[in-house]
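Descriptive structure summary
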Amino acid sequence: MTLQTYLLLGLILFSLGLYCVLSRRNLIGVLIGVELMMNAASLNFMAFNRYSVNDPATGQVVVLIIIGLAAAEVAIFLSIILNLYRNRRAIDVEELRELRG
Amino acid sequence: MTEQLALYLFVVLALAGGVMAAGMRHILNAIIGLAISLLGVAGLFLHLGSPFVAGMQILIYIGGIVVAIVFAMMLSLAMTMRPPPANRLKVWFAGLCATLFLVSVSLVLSTAQFHVVETPPAAPSWAIEHIGHALLTHYNLVFEALSVVLLLAIIGAILIARQEKPTT
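1. Section: the confidence of the model for chain B
Residue and element names in this part refer to chain B.
- A residue-level look at chain B finds 90% of positions with pLDDT of 70 or above and a mean pLDDT of 86.
- Across chain B, the secondary-structure element scoring lowest on mean pLDDT is helix α5 (residues 128-136), at 88, and the one scoring highest is helix α2 (residues 27-47), at 92.
- For this predicted complex, the interface score ipTM comes out at 0.89, alongside a pTM of 0.89.

Put into structure tokens, the structure is as follows:
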């Protein structure tokens, strides 16, 4: 496989994640879509790291940072979901619209 | 030969898991799809020459994040709730946006020229020691910032999810 193939694969995964984020009504479904998109981004970083970087530690460090940020993001997101469920009994994104301008 | 077969297997796993995560109506099936997709991408990392990052992907993503999502699903009873009927307009619009993005970026990708250098995966700069060294010298600031971010995220998650005591 070449660099272009990996980039195409990452692009397809990112599009699937975008579709998931936009089409889901459940907040947990939105979170799953975000994870897919982050995963596609890290696949791109690893592909560039393999094929067009002189120092191969760069891309691996970036991917490790992405994984760490994803863990932090999931912790915050899940606590928000729990709090919403406790106060509202609903995690449907179309029912949570008090903040609309 | 076996390597090629494994590579195609990983590609199929990543794509099929992604389709499953995006398409399945029930949220548990979507989570399983996410785990399958992450496993496939970890295999691709292995093929791209970095067994360390592949291991971290499996350990943190599949062993930590997916399990945390399953816990949140159980605690918020999304498992027993009937999935609400999909909003037709929203699904169509989402599909349109994703397809538009896919087509436009693949057009860019088909004309782009990349500077390609072949770093053989067996070179000593691919060793784990090299990553650790880079993490503690050249990328030291990022490393420290990430640890602060993780600490703040833990404290914030505890603060947000804490049960409020009724003040009498």
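2. A closer look at the packing of aromatic side chains
- For the coordinates displayed, the defined rule picks out three aromatic pairs over all chains.
- On the basis of an interplanar angle of 70° and a centroid distance of 5.3 Å, the ring pair of phenylalanine 48 of chain A and phenylalanine 114 of chain B is categorised as edge-to-face. Remark: phenylalanine 114 of chain B occurs in the loop between α4 (88-111) and α5 and phenylalanine 48 of chain A occurs in helix α2 (residues 27-51); the pair is interchain, linking two chains.
- Across the ring face of tyrosine 51 of chain A, the terminal group of arginine 50 of chain A is positioned such that the distance to the ring centre comes to 4.9 Å.

3. Focus: the environment of valine 30 of chain A
Residues and elements named next belong to chain A.
- As for its placement among the helices and strands, valine 30 is situated in helix α2.
- Overall, the relative accessible area of 15% leaves valine 30 in the buried class.
- Considered as a pair, valine 30 and tyrosine 19 are 11 residues apart in the sequence and their alpha carbons are 9.6 Å apart.
- Leaving out residues up to four positions away in the same chain, valine 30 has contacts with Val21, Arg24 and Val93.

4. Section: the confidence of the model for chain A
- Here chain A averages 87 in pLDDT, and 98% of its residues register 70 or above.
- Within chain A, the lowest mean pLDDT, 88, falls on helix α3 (residues 57-88) of chain A, and the highest, 92, falls on helix α1 (residues 3-23) of chain A.

5. Digging into the interface of chain A and chain B
- Each side of the interface is counted separately: chain A has 70 residues, and chain B has 79 residues.
- Of the roughly 6700 Å² buried between chain A and chain B, counting both surfaces, carbon and sulfur atoms make up 74%.
- One can count zero salt bridges joining chain A with chain B.
- In this structure, the connection of chain A to chain B is made through 10 residue pairs in polar contact (both at pLDDT 80 or more).
- For the side of chain A that touches chain B, the secondary structure elements donating two or more residues are α1, α2 and α3 of chain A.
- Top contributing element to the side of chain A that touches chain B by residue count: α3 of chain A, with 24 residues.
- Taken together, the residues of the side of chain A that touches chain B sort by class into 47 nonpolar, 15 polar and eight charged.

6. Some thoughts on the packing of α2 of chain A against α3 of chain A
Residues and elements named next belong to chain A.
- Across the interface, α2 lies against α3 with an axial gap of 9 Å and an inter-helix angle of 175°. Classified by the angle their axes make, α2 and α3 are roughly antiparallel.
- Of the residues belonging to the contact of α2 with α3, the class tally is 17 nonpolar, five polar and two charged.

7. Things to note about the packing of α1 of chain A against α4 of chain B
- The interhelical angle for the contact between α1 of chain A and α4 of chain B, taken along N-to-C directions, is 160°, at an axis separation of 8 Å. On the basis of the axis angle, α1 of chain A is roughly antiparallel to α4 of chain B. Remark: the crossing between α1 of chain A and α4 of chain B carries right-handed chirality. Residues Gln4, Leu7, Leu8, Leu11, Ile12, Phe14, Ser15, Leu18, Tyr19, Leu22 and Ser23 of chain A of α1 of chain A touch α4 of chain B, and the partners they reach there are Lys90, Val91, Ala94, Gly95, Cys97, Ala98, Phe101, Leu102, Val105, Ser106 and Leu109 of chain B.
- The residue inventory of the contact of α1 of chain A with α4 of chain B, partitioned by class, reads 16 nonpolar, five polar and one charged.

Basis of the calculations
Residues numbered from 1 in each chain as written. Chains lettered and ligands numbered in written order. Predicted model: local features only at pLDDT ≥ 70, side-chain atom pairs only at ≥ 80, totals over all residues. Heavy atoms only, no water. pLDDT = per-residue confidence, 0-100. Helix = DSSP H or I, 4+ residues; strand = E, 2+ residues; numbered from the N terminus. Phe/Tyr/Trp six-rings, centres within 6.5 Å; stacked < 30°, edge-to-face > 60°. Lys NZ or Arg CZ within 6 Å of the ring centre and 35° of its normal. Buried < 20%, exposed > 50% of the residue type's maximum accessible area, 1.4 Å probe, protein only. Contact = heavy atoms within 4.5 Å. Buried area = accessible area lost by both parts, 1.4 Å probe. Salt bridge = Lys/Arg side-chain N within 4 Å of Asp/Glu carboxyl O. Polar contact = N/O pair within 3.5 Å; in protein donor to acceptor, adjacent residues only side chain to side chain. Nonpolar A, V, L, I, M, F, W, Y, C, P; charged D, E, K, R; others polar. Axes fitted to C-alpha atoms, helices over the stretch in contact; angles between N-to-C directions. Parallel < 35°, antiparallel > 145°, perpendicular 65-115°, else oblique. Left-handed = near helix turned anticlockwise from the far one by under 90°.

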